[in-house]
Amino acid sequence: MPRGELLAALLLSCLLITGCQDQERETIRMGLANAPLNLDPRFATDATSERVNRLLYQRLVEFDPDSRPRPGIASWRAITPTHYRFSLNEHAGNFSHDRELTSRDVVATYRQVLDPALASPKQASLELIASMEEVDTRHLDFHLKRADPLFPAYLTLDILPAELIEQDHDFARKPVGSGGFDLLDWPQAGELHLRRRSDGQRFQLLTVNNPTVRVLKLLRSEIDLLQNDISPELIGYLRRQPTVSVDQHPGSNYTYIGFNLQDPLTGKLQIRQAIAHAIDRQAIIHWVMQGAARQAGSLFPPEHWASDQLAPYEYNPDKARELLAELGYSDRNPLRLTYKTSSDPFRIRLATVIQSQLKAVGIDIDLRSYDWGTFFGDIKQGNFQLYSLSWVGIRTPDIYRDIFASDSLPPSGANRGRYASKTVDQLLNRAEQTSNLTAQAELYHQVAAELHRDLPYIPLWYEDQLSVQGSRIKGYKLMSDGNYDGLAQVKLKSVPDGKHVQSTTAN
Amino acid sequence: MIRFWFPLGILGLWAVAAISGGWIVESANQIDLQRILQSPGEQGLMGYDDLGRPILQRIWVGAQVSLLVSVGVVTLSLLIGTAVGLFAGYQGGWLDLILVRIMDVFLAFPGILLAIALAGVMGPGVDNLIIALSAVGWVGFARLTRGQVLSLKQRDHVTAAIALGTPRHLILLRHLLPLLSAPLIVEATFGMAGMVIAEAGLSFLGLGIQPPDASWGSLIRDGASYMLMAPHMVLAPGVAIMLVVLSLNILGDRLRDRLDHRSNG
């Protein structure tokens, strides 16, 4: 090759490499603990996919900080208690293939999810809908099987374009939504490339399973942002690093201990009360979780409109011993129970602490940790005495029916502990027939009080949301349910000459 | 003589820790939330773990699992391997051919991978761990024994025993096995070092002893998540494994030097 051509080729290569590096530098990278599995909102059930889908698609309804439904891309009015009219507003955007979102798309999306042939896991929450129709391009009507003042809060489905639904488009791999972000590329399972529509800012969502590696990548500026799934000690370590900033926000994810009410041992109220008095939740929150949680009094956090925070069972080992002694248990004749948990190291750690606290009052716990599939299978089948789990992203108090109604046994419901109370059933029925939200909230308070007395669950805590931002970015806002909506505001820090700040720790 | 004292001292301490470990299990599992991840110091010689448990006591208790598994596996492997090797080497013919091929298959397959698969199928626990590791550990002994027997059976005293009509089992036990003991002891010493590492590896993967009981591998696994904040959680059991393995290897070397007549001569 002549020398001139060689020089030109070299120059071109340098320019291309420099161009790529510039693009890399201007990309904001977020580290995820788990890869999103399915970007089709009709089927996505894992938390990461749902959070990414919130960025790609839009919904009719969103939620206030107190979890009341508020207009998303549509406002609504109840024409009758069983007839709602939704009007698309100015927030309804264009799909990524450049077509305006209309009421036809909304109707098509909801119709398809309600079609039993699709077998969507989202269908159950929408069974209240009797029919729906498109009034015009901006308005649509929903007709309900029965009145429910909470109905708008159920309309959180991500809207898909009608013509692509008809064409059986592969939304799982090629999402087409009207949200604030477009999917640019999905080169491998744990790597998503997105572009923010408002300003063209590029993002990469990178999966790094190991929390220590995720933190090291953040410190080396290989990623700019982390959210949750990091041990409290690592958060404490990051707080001491000058190049990153840690943000903490009260969360709404509810962690509890569940009992099998049909078990001869955990079916006894005194045993459940003894366990509730034997667990020092404040000590666990303070020492193990480093304060990154709030003690829970009921299913919903204090800021929720239907919440009624009841005084938690006080930590009183003597009282626990007394209750056990009434049933004939003592140090020489200890109560033996099996406690199941997932194989997540942090969950095992928490369970081990609880095991030691229960041992101190004379309860011998056989701690068993299983992979998620086995563990959750056992819980759904009622194959347990006690277990710990979390409810994530619950918004509406109709969840009480799903968890505690006597006719909500798995697989049709989530009453995994086989709890049965006529009083609670009656209160739930009355709440659902009440058209006034305030009156409904009062009835749910009574449900919470009944549950507090019967103890099918011991409320433990609401875990805080935590995010860590690297030195290159600013403006990320944490959400109480852990979604990634804050990516809509986050920006790269700029220096006066207009160039982006370089990493302070990267080599 | 000093060349023997260092490994023997470490291994003696290991054995004492293993024997006495049973008495301190309770204090090794004692959770103290206020001491979570406390560094080594006056309060605790090796610091505390992620549940405020003393690491020194947990290493002490972990020595028991380590010794039990390594001795158990080497004993079982030695018995099986020696029996197979003796039989194959002395018998010869098609039986030897088949046994050698089986050994080749075991040797060709990554041993630790097979042990992981077996331990995974059988479930966690010390007994299953010993079986899984023995399933791959016997091959080394069998190969060594067979090789030695092929050479030893040509010796005059064996030929004389055959000529005198000595039963085969007596030839194997009285005339061959005593001559095999020296290389087998050396091999067993190195085998124990390998098994200490293998046990730690499988426990690191969660296939060994189950929480809250401690083993050196599970201590390293627990500590790996806290390497940035509490490196002592990984360093302390890591150093314990290193010292024991180093001692076993040095001891093996010294024994080989002492028992090998050619090098002595």
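Residues numbered from 1 in each chain as written. Chains lettered and ligands numbered in written order. Predicted model: local features only at pLDDT ≥ 70, side-chain atom pairs only at ≥ 80, totals over all residues. Heavy atoms only, no water.

### Describing the overall build of chain B
The number of helices and strands found in chain B is 11 helices and 0 strands. Listed by position from the N terminus, the elements making up chain B come as α-α-α-α-α-α-α-α-α-α-α. The C-alpha extent of chain B, read off along each of the three principal axes, is 75 × 45 × 30 Å. Here chain B displays about 13,000 Å² of accessible surface, and carbon together with sulfur accounts for 67% of that area. The distance from the centre of the 16 positive side-chain charges to the centre of the 16 negative ones in chain B is 13 Å. (Helix = DSSP H or I, 4+ residues; strand = E, 2+ residues; numbered from the N terminus. Areas by Shrake-Rupley, 256 points an atom, 1.4 Å probe, with all protein chains shown as cover. Lys, Arg positive; Asp, Glu negative; His and termini not counted. Charge placed at Lys NZ, Arg CZ, Asp CG, Glu CD.)

### Overview of the sheet that holds strand β5 (residues 83–88) of chain A
Residue and element names in this part refer to chain A. One open sheet holds the 4 strands; their spatial order is β4-β5-β7-β6, and the pairing between them is antiparallel. This sheet does not close on itself; its edge strands, each paired only once, are β4 (74–80) and β6 (129–134). On average, each strand axis in the sheet is inclined to that of its neighbour by 20°, with strand direction left out of account. Pairing between β4 and β5: 6 bridges, direction antiparallel. Within β5, the residue paired with T80 across the bridge is H83. This element, helix α3 (residues 103–114), spans β5, β6 and β7 (139–144) of the sheet and lies at about 155° to β6. (Pairing = 2+ DSSP bridges. Axes fitted to C-alpha atoms, helices over the stretch in contact; angles between N-to-C directions. Contact = heavy atoms within 4.5 Å.)

### Re the packing of aromatic side chains
All names here are of chain A. Summed over all chains, the structure comprises 20 aromatic pairs over all chains. Between Y254 and Y462 the ring centres are 6.1 Å apart and the planes differ by 40°, which places this aromatic pair in the tilted class. A residue pair is termed long-range when its members are at least 10 positions apart, and Y254 in strand β12 (residues 245–259) and Y462 in strand β17 (residues 457–469) qualify at 208 residues. Across this residue pair, the class does not change: Y254 and Y462 are buried. Between Y400 and F404, the ring centres sit 6.3 Å apart and the planes meet at 35°, which makes this aromatic pair tilted. Of this pair, Y400 and F404 both sit in helix α12 (residues 399–404), separated by 4 residues, roughly a single helical turn. Of the two residues, Y400 and F404, neither departs from the other in class, the shared state being buried. Between R173 and the ring centre of W186, over which it is positioned, the NZ or CZ distance is 4.0 Å. (Phe/Tyr/Trp six-rings, centres within 6.5 Å; stacked < 30°, edge-to-face > 60°. Buried < 20%, exposed > 50% of the residue type's maximum accessible area, 1.4 Å probe, protein only. Lys NZ or Arg CZ within 6 Å of the ring centre and 35° of its normal.)

### Remarks on the confidence of the model for chain B
Residues and elements named next belong to chain B. Overall, the prediction assigns chain B a mean pLDDT of 88, with 97% of residues at 70 or greater. Mean pLDDT per element in chain B: helix α11 (residues 261–264) is the minimum at 56, and helix α3 (residues 55–91) is the maximum at 93. Scoring the predicted complex yields pTM 0.78 and, for the interface, ipTM 0.72. (pLDDT = per-residue confidence, 0-100.)

### Quick word on empty space enclosed by the protein
Residues and elements named next belong to chain A. For the coordinates displayed, the defined rule picks out 5 cavities of 30 Å³ or more. Space inside the largest cavity adds up to approximately 130 Å³. If you go around the largest cavity, you meet 14 residues; those closest to its centre are Y254, S298, L299, L451 and P459. Elements represented by at least two residues in the lining of the largest cavity include exactly α12, α14 (437–454) and β17. Residue contributions to the lining of the largest cavity peak at 3 residues, all from α14. (1 Å grid on protein atoms, 1.4 Å probe; cavity = no way out; pocket = protein on both sides within 12 Å on 5 of 7 lines; lining within 4 Å. Points joined across faces, edges and corners; volume = space filled by probe spheres on them.)

### Let's talk about the packing of helix α7 (residues 156–163) of chain B against helix α8 (residues 168–204) of chain B
Residues and elements named next belong to chain B. Between α7 and α8, whose axes approach to 11 Å, the crossing angle comes to 175°. Classified by the interaxial angle, the pair formed by α7 and α8 is roughly antiparallel. Contacts between α7 and α8 involve H157, V158, A161 and I162 from the former and I171, H175, L176 and L179 from the latter. Partitioning the contact of α7 with α8 into residue classes produces 6 nonpolar, 2 polar and no charged. (Parallel < 35°, antiparallel > 145°, perpendicular 65-115°, else oblique. Nonpolar A, V, L, I, M, F, W, Y, C, P; charged D, E, K, R; others polar.)

### Some points on the nonpolar core
By size, the foremost hydrophobic cluster in this structure holds 149 residues, and its most contacted members are A:I275, A:W391 and A:Y400. By residue number, the principal contributor to this core is α8(B), which donates 14 residues. With near-sequence residues (within four places) excluded, A:I275 lies in contact with A:F259, A:L337, A:L358, A:I363, A:L386 and A:I458. Counting residues in each nonpolar core, the second largest holds 60 residues, with A:L55, A:F151, A:L225 and A:Y484 among its members. (Core = buried A, V, L, I, M, F, W, Y, C linked by side-chain atoms within 4.5 Å.)

### A closer look at the layout of surface pockets
By volume, the second largest pocket amounts to about 650 Å³. The biggest single contributor to the lining of the second largest pocket is helix α10 (residues 345–359) of chain A, with 6 residues.

### Remarks on the pairing of β5(A)
All names here are of chain A. Adjacent in sequence and paired antiparallel, β4 and β5 are bridged by 2 residues. Taken together, the 5 bridges between β5 and β7 define a ladder with antiparallel strand orientation. When the sheet's bridge partners are listed, S87 is paired in β7 with H139.

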